[in-house]
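For reference, the chains in residue letters:
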Amino acid sequence: VRFDMAGDTAVVSVSLAPGVRGRGYAAPFVWLACDELFAGSGVGAVEALVKDENRASARAFARAGFADAGAATVSGHPARRLLLH
């Protein structure tokens, strides 16, 4: 889990090793990382940008408590903007 800071918002990126994908680890890892970030910084929100075709990531962020905040574009691809406060 990596965060890029943009003011009081952090943009989250997540990558799991291929051997552990699909086992349900992403949501708890993201939630724990965000919880630690909120506790130790002035960040008020975490934003995830998920391409529309990446349904597994969208489900993981939803399970981690992120809410849909509307349409976005990532590298020219349609995406969703997800937020956690």
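Before reading on, note that the structure itself is shown above.
Please read these numbers as outputs of a predicted model, since none were measured by experiment.

Caption draft 1: A look at the pairing of strand β5 (residues 77-84). Sheet topology note: the strand β3 (residues 45-51)/β5 ladder contains 6 bridges and is antiparallel. In the sheet register, Val 50 faces β5, and the bridge partner there is Arg 80. By the bridge criterion, 6 bridges tie strand β4 (residues 67-74) to β5 in an arrangement that is antiparallel. Across the sheet, residue Thr 73 finds its bridge partner in β5, namely Pro 78.

Caption draft 2: Just the packing of aromatic side chains, in detail. If you walk through the whole model with that rule in mind, you get 2 aromatic pairs. When the centroid spacing of 5.9 Å and the interplanar angle of 25° are considered together, the rings of Tyr 25 and Phe 29 count as stacked. By relative accessible area, Tyr 25 is classed as partly exposed at 35%. By relative accessible area, Phe 29 is classed as partly exposed at 43%. Between Phe 61 and Phe 66 the ring centres are 5.0 Å apart and the planes differ by 75°, which places this aromatic pair in the edge-to-face class. Across the pair, exposure class does not vary: Phe 61 and Phe 66 are buried alike.

Caption draft 3: Examining the side chain of Glu 47 more closely. Mapped onto the elements, Glu 47 comes out in strand β3. The buried category is assigned to Glu 47, whose relative accessible area is 13%. At a separation of 2.3 Å, a polar atom in the side chain of Glu 47 contacts the side chain of Arg 81. If we skip the residues at most four places from it in the chain, Glu 47 touches Thr 9, Ala 10, Val 11, Val 12, Phe 66, Arg 81, Leu 82 and Leu 83.

What counts as what
- Residues numbered from 1 in each chain as written.
- Predicted model: local features only at pLDDT ≥ 70, side-chain atom pairs only at ≥ 80, totals over all residues.
- Heavy atoms only, no water.
- Pairing = 2+ DSSP bridges.
- Helix = DSSP H or I, 4+ residues; strand = E, 2+ residues; numbered from the N terminus.
- Phe/Tyr/Trp six-rings, centres within 6.5 Å; stacked < 30°, edge-to-face > 60°.
- Buried < 20%, exposed > 50% of the residue type's maximum accessible area, 1.4 Å probe, protein only.
- Polar contact = N/O pair within 3.5 Å; in protein donor to acceptor, adjacent residues only side chain to side chain.
- Contact = heavy atoms within 4.5 Å.

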